[in-house]
Amino acid sequence: MGKYNTLSEAINDLTKIGYTFNFNIKDDCVVCAENNSQLQPDEFEIDQVHRFQEMSDVDNESILYAISSTQHNLKGLLVNAYGMYADAASAKLIAKLNVR
């Protein structure tokens, strides 16, 4: 584990070590459709952050968060655009995601 060259390489590696759920941003929380859970910013930790930029399109940037919640016994991944294409979220959630 370490520096990844591609988003898919990072997702595959992190999935192997237990980050199996998929999270999405929804207003002031992250949600997991697979088990119908919603995690508020104080209910999860960001274990790793990886940024990727496509060489062919410098405007196409992604960010991958490895997220865990001991309170909800969940580990999963959140993929989001980076920069001007990022999903809208509350200030509290943005602050949590920008910690690293």
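Please read these numbers as outputs of a predicted model, since none were measured by experiment. (Residues numbered from 1 in each chain as written. Predicted model: local features only at pLDDT ≥ 70, side-chain atom pairs only at ≥ 80, totals over all residues. Heavy atoms only, no water.)

Moving on: unusual backbone geometry. With phi around 50 degrees, Asp27 is a residue other than glycine that occupies positive phi space. Residue position: Asp27 is located in the loop between β1 (21–26) and β2 (29–32). Even without a glycine there, the phi angle at Asn73 is positive, about 55 degrees. With respect to the element layout, Asn73 can be found in the loop between β5 (57–69) and β6 (74–81). Its relative accessible area of 69% is what places Asn73 among the exposed residues. (Helix = DSSP H or I, 4+ residues; strand = E, 2+ residues; numbered from the N terminus. Buried < 20%, exposed > 50% of the residue type's maximum accessible area, 1.4 Å probe, protein only.)

Attention now goes to the confidence of the model for the chain. With 77% of its residues at a pLDDT of at least 70, the chain reaches an overall mean of 83. When mean pLDDT is compared element by element in the chain, helix α1 (residues 7–16) scores highest at 95, while helix α2 (residues 91–97) scores lowest at 69. (pLDDT = per-residue confidence, 0-100.)

So, on to the environment of Ile11. Mapping Ile11 onto the fold places it in helix α1. Given a relative accessible area of 26%, Ile11 falls into the partly exposed group. For the pair Ile11 and Ala66, spaced 55 residues apart in sequence, the C-alpha to C-alpha distance is 9.1 Å. Each residue touching Ile11, except ones within four places of it in the same chain, is listed here: Leu64, Leu77 and Val79. (Contact = heavy atoms within 4.5 Å.)

Here the focus is the pairing of β1. Looking at chain direction, β1 and β6 are connected through three bridges and run parallel. What sits directly across from Phe21, in β6, is Gly76. In this structure, β1 lies alongside β2, joined through three bridges in antiparallel fashion. Each residue of the ladder has a partner; that of Ile25, found in β2, is Val30. Between β1 and the antiparallel strand that follows it, β2, lie two residues; Asp27 among them carries a positive phi value of about 50 degrees. (Pairing = 2+ DSSP bridges.)

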